[in-house]
Amino acid sequence: MNAHSHIELSYLRGAIAEGEGFAAFAESIGRVRGNFSEEERLAAIAEADRTMWQEGVDAVGDIVNGTTSFSAKAASPIYYHNFVEVFGLRECNLDRQREILKYPNSSLTPHSTYSVPDAPFREVCNRDAHLPLSIHFMESPDELMLYRGKGSLHEWYKRVGFSCDFLHYGSPAERIVNCVPKDRSVLLVHNCEIGASDIETITSHFTVPVSWVLSPRSNSYISRIEPQSVELLRTAASNNTASHNNINICIGTDSLASNWSLSIMEELKMFHNIPLAELLQWATINGAKALGIADKYGSIEVGKRSGIVNITEVDLEEFRLTDKSSARRVV
């Protein structure tokens, strides 16, 4: 399961400089995305879809901002849930996004806690309550710093004239719990800069499992950040409390604008010290739970559609992945 991707950005592979930080990455996409033809975009999407399937991905939580990816998805054996992203601090009109909802398995989601004005953020979080949300969350320290009037996001917004009517919440975590209903299924994506207090704030609010999606290679590509939240989440998940039983860790790749590949195996290899059995749970049933499709995918059971993947070059004594580990679909 790839719980978080942007397959429509596959044409940007290698087009964005590595390691320049989050604000520079966001600005770079705006500069270069017009340099590619429709044919190049479609070919890149089809290749990305094909490669994910060959490596064993059965389902993807995919962020969309347009309709370019839907022809490839219609022909793909992969199940896609399309998170139709709402964002824009200068103008945030939902009409264009609502047009995309005519495609199968599509629902609205706010992009993040730093890029959507208060009214549309609340509107989106409170509609279609039976469908999940996917929100970029604490990907960089600048997200928290924005709420304090500091950091590169704050400086960028000030330079281009963006205004934020949501800083009164005090932090991204507080905005989540004040705007998202407690029984709403949510994927929080990246989580590089979360602390124990953020985890406690969010898990104490929600009455259903919160899915914490990790995309470590994307974080390395953009900002050279290694998410320190992994052990915090694992520790919290192991605590025997009602709120912490709501922690569901899963894996995403982000996009080829911010990653070298869309390989779940390469993401898992970033977690060197975590047992393979735990990693496989993150990459299979946990991802299916996040997307609301655990009745059909994520484990080998009668009546499910899950494929079978052969993982090679595993350290069988320690039962851990190695640098040479790779995955290939068998069924």
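See above for the structure.
Peer 1: Please clarify how the overall build of the protein should be interpreted in this entry.
Peer 2: In terms of helices and strands, the protein carries 14 helices and ten strands. The C-alpha atoms of the protein give a radius of gyration of 19 Å, which matches the 20 Å a tight globule of 331 residues would have. In terms of principal-axis extent, the alpha carbons of the protein reach across some 55 × 50 × 35 Å. Excluding contacts between residues fewer than 6 apart, the proportion of contacts in the protein whose partners are at least 24 apart in sequence is 69%. Carbon and sulfur atoms make up 50% of the accessible area of the protein, which amounts to about 14,200 Å² in all. Within the protein, one finds 31 positive and 42 negative side-chain charges whose respective centroids are separated by 3 Å.

Peer 1: What is the right way to read the environment of Ala277 from this model?
Peer 2: On the secondary structure map, Ala277 appears in helix H13 (residues 276–283). As a C-alpha pair, Ala277 and Glu123 span 154 residues in sequence and 39 Å in three-dimensional space.

Peer 1: In this structure, what is going on with the environment of Met270? I would like to understand it.
Peer 2: You can see Met270 is positioned in the loop between helix H12 (264–268) and H13. Residue class for Met270 comes out partly exposed when judged on its relative accessible area of 33%. With sequence-adjacent residues up to four places away left out, Met270 is seen in contact with Pro216 and Arg217.

Peer 1: Which parts of the structure should I look at to understand the sheet that holds strand E5 (residues 133–137)?
Peer 2: Strand pairing within a sheet occurs via backbone hydrogen bonds; the two strands may be parallel or antiparallel. The strand order across the open sheet built from four strands is E5-E6-E7-E8, with neighbouring strands paired in parallel fashion. Edge positions in the sheet fall to E5 and strand E8 (247–251), since each has one partner strand and no second. Adjacent strand axes in the sheet meet at a mean angle of 25°, parallel and antiparallel pairs treated alike. Pairing geometry for strand E6 (residues 186–190) and strand E7 (residues 210–214), over four bridges, is parallel. Its bridge partner being in E7, Leu187 is matched across the sheet by Ser211.

Peer 1: Please explain a nonpolar patch on the surface as it appears in this structure.
Peer 2: A surface patch of nonpolar side chains, amounting to about 400 Å² of accessible area, comprises Ile300, Ile308, Val330 and Val331. The topology assignment puts Ile308 in the loop between helix H14 (285–290) and strand E9 (309–315).

Peer 1: How do you make sense of the packing of aromatic side chains when you look at a structure like this?
Peer 2: Each aromatic ring pair is described using two quantities: the centre-to-centre distance and the angle formed by the ring planes. Counted under the stated rule, the structure contains ten aromatic pairs. Taken together, a centroid distance of 5.6 Å and an interplanar angle of 90° make the contact between Phe22 and Tyr114 edge-to-face. Here the residue Phe22 occupies a position in helix H1 (residues 22–32), and Tyr114 occupies one in the loop between strand E4 (106–110) and helix H5 (118–125), the gap between them amounting to 92 residues. No difference in accessibility class separates Phe22 from Tyr114, as the two residues are buried. Their ring planes at 50° and their centres at 5.8 Å tell us that Tyr147 and Phe166 sit as a pair that is tilted. Linking Tyr147 in the loop between helix H6 (141–146) and helix H7 (151–160) with Phe166 in the loop between H7 and helix H8 (172–179), this pair joins segments that are 19 residues apart in sequence. In this structure, Tyr147 and Phe166 share a single accessibility class: buried. One aromatic cluster in this structure is built from Trp156, Tyr157 and Phe162. Lying over the aromatic face of Phe70, Lys73 brings its terminal NZ or CZ to 4.9 Å of the ring centre.

Parameters at a glance
- Residues numbered from 1 in each chain as written.
- Predicted model: local features only at pLDDT ≥ 70, side-chain atom pairs only at ≥ 80, totals over all residues.
- Heavy atoms only, no water.
- Helix = DSSP H or I, 4+ residues; strand = E, 2+ residues; numbered from the N terminus.
- Rg over C-alpha atoms; globule rule 2.2 N^0.38 Å.
- Contact = heavy atoms within 4.5 Å.
- Areas by Shrake-Rupley, 256 points an atom, 1.4 Å probe, with all protein chains shown as cover.
- Lys, Arg positive; Asp, Glu negative; His and termini not counted.
- Charge placed at Lys NZ, Arg CZ, Asp CG, Glu CD.
- Buried < 20%, exposed > 50% of the residue type's maximum accessible area, 1.4 Å probe, protein only.
- Pairing = 2+ DSSP bridges.
- Axes fitted to C-alpha atoms, helices over the stretch in contact; angles between N-to-C directions.
- Patch = residues over 30% accessible without salt bridge, like charges linked within 9 Å, V, L, I, M, F, W, Y side chains within 5 Å.
- Salt bridge = Lys/Arg side-chain N within 4 Å of Asp/Glu carboxyl O.
- Phe/Tyr/Trp six-rings, centres within 6.5 Å; stacked < 30°, edge-to-face > 60°.
- Lys NZ or Arg CZ within 6 Å of the ring centre and 35° of its normal.

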